[in-house]
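Single-letter residue listing:
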Amino acid sequence: MRKQTTNGSHPSIVVWENLEEWARKKVQEFIQSVLEEEITGLLGRQKSERRQAIDSPPVYRNGYGKKRRLTLGCGTITVHRPRVRGLEQRFESCVLPLFVRRTNEVNDLLPQLYLHGLALGDFDLALRGLLGEEAPVSASTVARLKEGWQAEWEAWNKRPLDGLEVLFLWVDGVYIKAGLEKQKAALLVIVGGLSDGRKVILAVEPGYRESTESWSEVLRDLKERGMNCPRLVIGDGNLGIWGALSNVYPDSEEQRCWNHKIMNVLDKLPKKIQPKAKQKLQLIAYAESQPEAEEKRDWFLTWCRKEGYRAAGDTLLRDWDRMVTFYRFPQVR
């Protein structure tokens, strides 16, 4: 476990080897002791301690069940679940329920690894390296979990929306590393702002960011499930959502996303001045009124012309009317 080393005249020091294995062993010993204490608390007496004559009916320890592997974030351990005889109902440990093989933290790790692009065939090797050789997680396990995730998504994706009063939509196409059936596909995400102040995720569908038809399919599905016409839709100017709105919700107004606009303007500027320029652009985006936003815009354009960054100024001006649509709506605090 450890060894003493010396370095010339320096005193010996302790070098730890197999530290993770040692830590897992200590965790295993701790959980086993907690299981034993759980039985002690249930029976009201220590192991081998004689029971009181008033115990009726007699309840006593009955050895151990088969060895159980439990996968934790720190690795996989093996414990023995104590058995009890004489109870009217089967005893189930609060520490180690009957059918649990992994902690919630490990269960949460699996979809994250999948979404980050880990192939099903790589799960077994990767998780054994992370969680130990005896980790009860294989490619087949992940495949079954994936089927469960798919069923949950399909049920969520069919829920009725007629009980929601949607005022605003935020839309974007998000690329992820997980494999999708279509090449260069993204997840088309729609978040709704409700009249009661809540934000809810309304749609997560595979598709193409720039495709009007992909976005039209998503909007048609929302409409068929009862979603009302939103008053304002916010998104990147390059999305296919704008053509889709005219097909499905033609009365919705359009607001271009300021985050995307700021990034597009910064791309036209040298990196060394981008932090300073970003501060100036944020003053425009967060202006209290449209006249104030236009005043700060003109000041930024003057600065761009003076410093020779005309392309950045032209990018800011492009589609300006749709950058300030939100000023026509009540301010929400």
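Residues numbered from 1 in each chain as written. Predicted model: local features only at pLDDT ≥ 70, side-chain atom pairs only at ≥ 80, totals over all residues. Heavy atoms only, no water.

K.L.:
Quick one: what's the story with the environment of Gly-173, residue by residue and with numbers?
P.N.:
With respect to the helices and strands, the residue Gly-173 is situated in strand β5 (residues 166–174). Sequence-wise, Gly-173 and Ile-190 are 17 residues apart; in three dimensions their C-alpha atoms are separated by 8.9 Å. In this view, Gly-173 contacts Ala-186, Leu-187, Leu-188, Arg-209, Trp-215 and Leu-239; residues no more than four positions away in its chain are not counted. (Helix = DSSP H or I, 4+ residues; strand = E, 2+ residues; numbered from the N terminus. Contact = heavy atoms within 4.5 Å.)

K.L.:
Go over the sheet that holds strand β9 (residues 253–256) with me, naming the residues and quoting the values.
P.N.:
Pairing in this open sheet of 5 strands is mixed, and the strands run β7-β6-β5-β8-β9 from one edge to the other. Because the sheet does not close on itself, it has two edges, and the strands there are β7 (199–207) and β9. With direction set aside, neighbouring strand axes in the sheet form an average angle of 20 degrees. Of the strand pairs in this sheet, β5 and strand β8 (residues 232–235) are connected by 3 bridges, and their pairing is parallel. Each bridged residue has a counterpart across the sheet, and for Trp-170 the counterpart in β8 is Ile-234. Of the strands in this sheet, β5, β6 (186–194) and β7 touch helix α5 (residues 212–224), which is tilted by about 40 degrees from β6. (Pairing = 2+ DSSP bridges. Axes fitted to C-alpha atoms, helices over the stretch in contact; angles between N-to-C directions.)

K.L.:
I'd like to hear about the pairing of β6, residue by residue, with values.
P.N.:
Counting buried positions over the 9 residues of β6 gives 8, a clear majority of the element. Strand direction decides the pairing type here: β5 and β6, joined by 8 bridges, are antiparallel. The partner of Val-171 across the bridge, within β6, is Ile-190. When β6 meets β7, the two strands line up antiparallel, connected through 8 bridges. Bridging across to β7, Leu-187 finds its partner in Pro-206. In this structure, the hairpin formed by β6 and β7 is closed by a connection of 4 residues, where Gly-197 is found at a positive phi of approximately 95 degrees. (Buried < 20%, exposed > 50% of the residue type's maximum accessible area, 1.4 Å probe, protein only.)

K.L.:
Please set out the packing of aromatic side chains residue by residue, giving values where relevant.
P.N.:
Scanning the model with the defined rule gives 6 aromatic pairs in all. With a centroid separation of 6.2 Å and an interplanar angle of 80 degrees, the aromatic rings of Phe-168 and Phe-329 are classed as edge-to-face. Of the two residues, Phe-168 sits in strand β5 while Phe-329 sits in the segment after α10 (310–317), which places them 161 residues apart along the sequence. Exposure class is identical for Phe-168 and Phe-329. Each is buried. Ring-pair connections join several aromatic residues into one group, and the members of that group are Phe-168, Trp-170 and Phe-329. Of note, Arg-256 hangs over the ring of Trp-242, and the distance from its end group to the ring centre comes to 4.1 Å. Directly above the ring of Trp-320 sits Arg-297, whose terminal nitrogen or CZ lies 4.8 Å from the centroid. (Phe/Tyr/Trp six-rings, centres within 6.5 Å; stacked < 30°, edge-to-face > 60°. Lys NZ or Arg CZ within 6 Å of the ring centre and 35° of its normal.)

K.L.:
Can you break down the side chain of Lys-261 residue by residue, with the values?
P.N.:
Secondary-structure assignment places Lys-261 in helix α7 (residues 258–266). Nearest to the buried, unbridged Lys-261 among oppositely charged side chains is Asp-319, at 6.5 Å. Among residues more than four places away in sequence, those in contact with Lys-261 are Thr-315, Leu-316, Arg-318 and Met-323. (Lys, Arg positive; Asp, Glu negative; His and termini not counted. Salt bridge = Lys/Arg side-chain N within 4 Å of Asp/Glu carboxyl O.)

K.L.:
Let's hear about the pairing of β9: which residues, and what values?
P.N.:
Bridge count between β8 and β9: 4 bridges; the pairing is parallel. Paired with Ile-234 across the bridge in β9 is Gln-255. With helix α6 (residues 241–248) bridging β8 and the parallel β9, this β-α-β connection has right-handed handedness. (Right-handed = clockwise from strand over helix to strand, strands pointing away.)

Honestly, it's all geometry; don't read function into it.
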